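Each chain, letter by letter, is given below.
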Amino acid sequence: MKKVLIVMAMAVMAICLSGNADAQNRSVEFEHSSWKKVLKKAKKENKLIFVDCYTSWCGPCRMMAKDVFTQDHVADYFNSNFVNFKIDMEKGEGPDLKPGWKINAYPTFLVINAKGEVIHRVVGAYGADEFIGYIKEAQSEDKNFAALNKAYDAGQRDGEFMFSHLRSLRLANLDKEEARKAKKYIAELKKEDLLKKENWNIIKYFMKDPATDEFRFMVKNRDQFAEVVGEDEIDSKIYNTYSKQIEAYSYFYPGKGRTYDKEGFDALIKDLQNSNFARTSELIAIALKNEYSRLNEWNKYAYVVDAALDLAVLKQYDSELRYFDSAASMIAKASKDKEMLQRALRWASYAAEKETRSEHKSGYLATKAKLLELVGKADEAKSTMMASEKEDKAAEAAGTKIISVPMMKLGGMKPAKKK
């Protein structure tokens, strides 16, 4: 009898544990029926419809399905608040519904009312709590995507509203509309209104073009902005706006009707030269190094890098040592002129001497060794290369070694022969 009781107790425990395990593995319950039936169910239950618009090849779609929709609190929120519908936009009803829903990327998540009207949209993959926060906005009568659009069309333009509206456009992946409306709003502000704190988030997140009167006004009146939002905020905004524009010029690739905007680049340099911003010289050094590399004008390139080193203009730049190492490496590949190589050796020596992290120092020493070899100092090149290898081993032992992974070649691959 005692054995029977023990077995029964174990069985009950197993059932309890099984039930508890199930409670920790709830998922969003998606409808597997027609869109017409989903609309009918939403109307009957007086609920909004959450739609996961996906494709079979979309990696972020799979990530959301596997890692987000399987979390208990996510499942509880969606299952209690929505009729959930998941649809492959390339199969079944997907191609017919796609144009009306204006799907332009995957994953796209829509919230639709029982009338079939899209009231909210979020594009992209997010963590669970962040995603719930974005979808909750659909349940707000004045914060969902459709309500914000309607208010904008009705003429609402205060700073707090415009930030919410522009943010909703970004969440919906409507980049062109976002840029157009942000530029128009900022351009129409009076200069004194730019200094109002209610407009700062719009300036911070949506002012992107340094070649505007509004941005130039901000740079010129940096101290006044600092009094409103703080020195770190305004300096970060100015620096990042300039930096991203420089990056756009640096990574420009021609083709498909695109041409390099040399006039725009020159205007950017002129603006920087006329600016009183503290890190102007640093930005000019970065921009001109990239520009002269693009043009293969190595004398001008070396002049800029020499000046950056001699005048210490990169002392606040996080990538200062990489700047000099990459410049030295570039000259080692592009020039055979001994004087030019000697100049590059000075840059490489500076980077190698100043670097303290083995995983970076090994590469900087390798660049220096290459240049020593090119200028005819074979013995010194050999000892420097040995030092590079020593640093490489130290990085490997510490688990900090940087491993280079080659890009996959996507072109020129022949299909396998049929057997």
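In this report, the structure presented in the accompanying data block is examined. (Residues numbered from 1 in each chain as written. Predicted model: local features only at pLDDT ≥ 70, side-chain atom pairs only at ≥ 80, totals over all residues. Heavy atoms only, no water.)

### Thoughts on the overall build of the protein
Phase 1 of the analysis: Helix and strand counts for the protein stand at 21 helices and five strands.
Phase 2 of the analysis: A globule of 419 residues ought to have a C-alpha radius of gyration of about 22 Å, yet the protein, at 29 Å, is considerably larger.
Phase 3 of the analysis: With respect to the three principal axes, the spread of C-alpha positions in the protein is 85 × 75 × 55 Å.
Phase 4 of the analysis: By residue count, 42% of the 419 residues in the protein fall in the buried class.
Phase 5 of the analysis: The contacts of the protein with a sequence gap of at least 6 include a subset with a gap of at least 24, amounting to 61%.
Phase 6 of the analysis: Total accessible area computed for the protein in this model is approximately 25,300 Å², and 53% of it derives from carbon and sulfur atoms.
Phase 7 of the analysis: Distance between charge centres in the protein, computed from 70 positive and 62 negative side chains, equals 6 Å. (Helix = DSSP H or I, 4+ residues; strand = E, 2+ residues; numbered from the N terminus. Rg over C-alpha atoms; globule rule 2.2 N^0.38 Å. Buried < 20%, exposed > 50% of the residue type's maximum accessible area, 1.4 Å probe, protein only. Contact = heavy atoms within 4.5 Å. Areas by Shrake-Rupley, 256 points an atom, 1.4 Å probe, with all protein chains shown as cover. Lys, Arg positive; Asp, Glu negative; His and termini not counted. Charge placed at Lys NZ, Arg CZ, Asp CG, Glu CD.)

### Description of the pattern of salt bridges
Phase 1 of the analysis: Summed over all chains, the structure comprises 27 salt bridges.
Phase 2 of the analysis: Of the charged contacts in the structure, one is a salt bridge between Asp-271 and Arg-216, with a shortest N-O distance of 3.0 Å. Of this pair, Asp-271 sits in helix α15 (residues 262-274) while Arg-216 is found in helix α12 (residues 213-220), placing the two residues 55 residues apart along the sequence.
Phase 3 of the analysis: Here Asp-271 falls in the buried class, since its relative accessible area comes to 18%.
Phase 4 of the analysis: A residue is classified by how much of its surface remains accessible, and Arg-216, at 34% relative accessible area, is partly exposed. (Salt bridge = Lys/Arg side-chain N within 4 Å of Asp/Glu carboxyl O.)

### Here's the deal with a positive patch on the surface
Phase 1 of the analysis: A contiguous patch of positive charge on the surface is contributed by Lys-36, Lys-37, Lys-40 and Lys-44.
Phase 2 of the analysis: Structurally, Lys-40 can be placed in helix α2 (residues 35-45). (Patch = residues over 30% accessible without salt bridge, like charges linked within 9 Å, V, L, I, M, F, W, Y side chains within 5 Å.)

### Considering the layout of surface pockets
Phase 1 of the analysis: A volume near 650 Å³ is recorded for the largest pocket.
Phase 2 of the analysis: Residue lining of the largest pocket: 20 residues in total, with Tyr-251, Ile-286, Lys-289, Asn-290 and Tyr-317 positioned closest to the centre.
Phase 3 of the analysis: The set of elements that each furnish at least two residues to the lining of the largest pocket consists of α14 (231-250), α16 (280-294) and α18 (320-334).
Phase 4 of the analysis: In terms of residue count, α16 provides more of the lining of the largest pocket than any other element does, six residues in total. (1 Å grid on protein atoms, 1.4 Å probe; cavity = no way out; pocket = protein on both sides within 12 Å on 5 of 7 lines; lining within 4 Å. Points joined across faces, edges and corners; volume = space filled by probe spheres on them.)

### Description of the side chain of Thr-212
Phase 1 of the analysis: Position of Thr-212 among the secondary structure elements: in the loop between α11 (200-206) and α12.
Phase 2 of the analysis: One polar contact links the side chain of Thr-212 to the main-chain carbonyl oxygen of Asp-209, over a distance of 3.2 Å. (Polar contact = N/O pair within 3.5 Å; in protein donor to acceptor, adjacent residues only side chain to side chain.)

### Considerations on the sheet that holds strand β5 (residues 118-123)
Phase 1 of the analysis: On the basis of which strands lie adjacent, the open sheet formed by five strands has the order β1-β3-β2-β4-β5 and mixed pairing. What marks the edges here is a single partner per strand, and that holds for β1 (30-31) and β5.
Phase 2 of the analysis: Alignment of strand β2 (residues 48-54) against strand β4 (residues 108-112), held across five bridges, turns out to be antiparallel. Bridge assignment links Cys-53 to a residue of β4, and that residue is Thr-108.
Phase 3 of the analysis: Packing against the sheet, helix α5 (residues 94-101) makes contact with β2, β3 (82-88), β4 and β5, and its axis sits at approximately 115° to β3. (Pairing = 2+ DSSP bridges. Axes fitted to C-alpha atoms, helices over the stretch in contact; angles between N-to-C directions.)

### Some words on the environment of Asn-104
Phase 1 of the analysis: Here Asn-104 shows up in the loop between α5 and β4.
Phase 2 of the analysis: For Asn-104, a relative accessible area of 44% gives the class partly exposed.
Phase 3 of the analysis: With 274 residues separating them in the primary sequence, Asn-104 and Ala-378 have C-alpha atoms 58 Å apart.
Phase 4 of the analysis: With sequence-adjacent residues up to four places away left out, Asn-104 is seen in contact with Ala-172, Asn-173 and Leu-174.
Phase 5 of the analysis: Among the polar contacts listed, one links the side chain of Asn-104 to the side chain of Asn-173, at a separation of 3.3 Å.

### As for the nonpolar core
Phase 1 of the analysis: Grouped together as the largest cluster of nonpolar side chains are 71 residues, with contacts concentrated most on Met-218, Phe-225, Tyr-323 and Trp-347.
Phase 2 of the analysis: The next biggest cluster of nonpolar side chains, apart from the first, holds 22 residues, and it includes Met-64, Phe-69, Val-74 and Val-111. (Core = buried A, V, L, I, M, F, W, Y, C linked by side-chain atoms within 4.5 Å.)

### Some details on the state of the cysteines
A disulfide bridge is the covalent bond that connects two cysteines by way of their sulfur atoms.
Phase 1 of the analysis: What the rule picks out here adds up to one disulfide.
Phase 2 of the analysis: Two residues, Cys-58 and Cys-61, share a disulfide whose sulfurs are 2.3 Å apart. Since a negative S-S torsion denotes a left-handed disulfide, the Cys-58-Cys-61 link at about 85° is right-handed.
Phase 3 of the analysis: Under the relative-accessibility criterion, Cys-58 is labelled buried at 2%. (Disulfide = S-S within 2.5 Å.)

### Digging into the pairing of β3
Phase 1 of the analysis: With respect to burial, β3 is a largely interior element, six of its seven residues being buried.
Phase 2 of the analysis: Alignment of β1 against β3, held across two bridges, turns out to be parallel. For Glu-31, the partnering residue across the bridge sits in β3 and is Phe-85.

### Notes on α14
Phase 1 of the analysis: Taking 1.5 Å per residue as the helical rise, α14 with its 20 residues ought to reach 28 Å, and the 28 Å between its terminal C-alpha atoms agrees with that figure.
Phase 2 of the analysis: Ile-234, Lys-237, Ile-238, Tyr-239, Thr-241, Tyr-242, Ile-246 and Tyr-249 are the residues of α14 that are buried.
Phase 3 of the analysis: In the core, the buried residues of α14 are packed alongside α11, α12, α13 (222-229), α15 and α16. (Expected span 1.5 Å × (residues − 1).)

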